[in-house]
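Descriptive structure summary
Below are the chains, spelled out letter by letter.
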Amino acid sequence: DAGVTQSPTHLIKTRGQQVTLRCSPISGHKSVSWYQQVLGQGPQFIFQYYEKEERGRGNFPDRFSARQFPNYSSELNVNALLLGDSALYLCASSLSGVGSYNSPLHFGNGTRLTVT
Amino acid sequence: DAKTTQPNSMESNEEEPVHLPCNHSTISGTDYIHWYRQLPSQGPEYVIHGLTSNVNNRMASLAIAEDRKSSTLILHRATLRDAAVYYCILRGNSGGSNYKLTFGKGTLLTVNP
């Protein structure tokens, strides 16, 4: 079975530009979450979407936005890129959304974004 | 979110058991203890979770202290493939916070051949 797939795997952008990252969840999973992982740190929660609605948002500026499509895939958009946005962006899917604390998250291998 | 404390790093030899500790003294009664690991150049991978009783699966065992203020992830026979950062995470089932995982820095496990 295919796991969570993310594209692209690597990306280089310039300060001020905009970027879109894509995620395809495991088949049957309706919940998608996004995390940012800076080098040497654990992943930090950005968004969760369930059934195409935003169900949770982490402490990130409004430059970060996301959406989930009818097929449950998701996009993360970051506007006006800063050097500090350089990180590994991870997408995770799970069977259930809010209220299902036992449902493990399945992570993709991430998109490495470098902002120069 | 309730906080967990883990050693920054640990070292083990191949084919020996590994005990990875986690302290969570402010755990609430509804918090589950989850463990994930992250191999080099990969996303985190779910390992195991539990509430009060010890748990076993094909990957590992989770031993939870009676007062639930600490837990230990046990790898029964470490392999080189187990070298990773291991994260201990508390995940509640109330207050709408259960949708996210709050990662700390985790424990970097090195396995020597």
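As a starting point, this report considers the structure included with it.

Reading guide: rules and limits
- Residues numbered from 1 in each chain as written.
- Chains lettered and ligands numbered in written order.
- Predicted model: local features only at pLDDT ≥ 70, side-chain atom pairs only at ≥ 80, totals over all residues.
- Heavy atoms only, no water.
- Contact = heavy atoms within 4.5 Å.
- Buried area = accessible area lost by both parts, 1.4 Å probe.
- Polar contact = N/O pair within 3.5 Å; in protein donor to acceptor, adjacent residues only side chain to side chain.
- Helix = DSSP H or I, 4+ residues; strand = E, 2+ residues; numbered from the N terminus.
- Nonpolar A, V, L, I, M, F, W, Y, C, P; charged D, E, K, R; others polar.
- Buried < 20%, exposed > 50% of the residue type's maximum accessible area, 1.4 Å probe, protein only.
- Pairing = 2+ DSSP bridges.
- Disulfide = S-S within 2.5 Å.
- Axes fitted to C-alpha atoms, helices over the stretch in contact; angles between N-to-C directions.

This brings us to the interface of chain B and chain A. Taken together, the contact pairs 21 residues of chain B with 26 residues of chain A. For the pair chain B and chain A, the summed buried surface comes to about 1,800 Å²; carbon and sulfur atoms form 54% of the total. Among the residues of chain B in contact with chain A, B:Arg91, B:Tyr99 and B:Phe103 are the three that bury the most area, contributing 30% of the side total. One can count 6 residue pairs in polar contact (both at pLDDT 80 or more) joining chain B with chain A. Of all the elements, strand S3 (residues 32-38) of chain B adds the most residues to the side of chain B that touches chain A, at 4 residues. When grouped by side-chain class, the residues that make up the side of chain B that touches chain A number 8 nonpolar, 10 polar and 3 charged.

Here the focus is unusual backbone geometry. The phi angle of most residues is negative, glycine excepted, and most peptide bonds adopt the trans form. Looking along the chain, the bond that leaves A:Ser7 and enters A:Pro8 is cis, with omega of -10°. Within the secondary structure layout, A:Pro8 lies in the loop between strand S1 (5-7) and strand S2 (10-13). In this structure, B:Ser41 is a non-glycine residue whose phi angle is positive, near 65°. By the element assignment, B:Ser41 lies in the loop between S3 and strand S4 (45-50). Overall, B:Ser41 belongs to the exposed group, its relative accessible area being 74%.

Residue and element names in this part refer to chain B. Spatial ordering of the open sheet is given by S2-S7-S6-S5, a layout of 4 strands whose pairing is antiparallel. Each edge of the open sheet carries a strand with a single partner, namely strand S2 (18-23) and strand S5 (55-56). Note: S2 against strand S7 (residues 70-75), 6 bridges, orientation antiparallel. Of the residues in S7, the one forming a bridge with His-19 is Ile-74.

Residue and element names in this part refer to chain A. All chains considered together, the criterion is met by 2 disulfides over all chains. Across the disulfide, Cys-23 is cross-linked to Cys-91 (sulfur-sulfur distance 1.8 Å). Because the torsion about its S-S bond is -65°, the bridge between Cys-23 and Cys-91 counts as left-handed. In this pair, Cys-23 is assigned in strand S3 (residues 19-24) and Cys-91 in strand S9 (residues 87-94), connecting sequence segments 68 residues apart.

Residue and element names in this part refer to chain B. Sheet architecture is open: 5 strands sit in the order S1-S9-S8-S3-S4, paired in mixed fashion. With partners counted over all chains shown, the strands left at the sheet margins are strand S1 (9-13) and S4, one partner each. Ignoring strand direction, the axes of neighbouring strands in this sheet form an average angle of 25°.

Residue and element names in this part refer to chain B. Note on placement: Gln-6 falls in the segment before S1. Within the local environment of Gln-6, its side chain forms a polar contact with the backbone nitrogen of Cys-88, the two atoms lying 2.9 Å apart. Setting aside residues up to four positions removed in sequence, Gln-6 forms contacts with Pro-21, Cys-22, Trp-35, Tyr-86, Tyr-87, Cys-88, Gly-106 and Thr-107.

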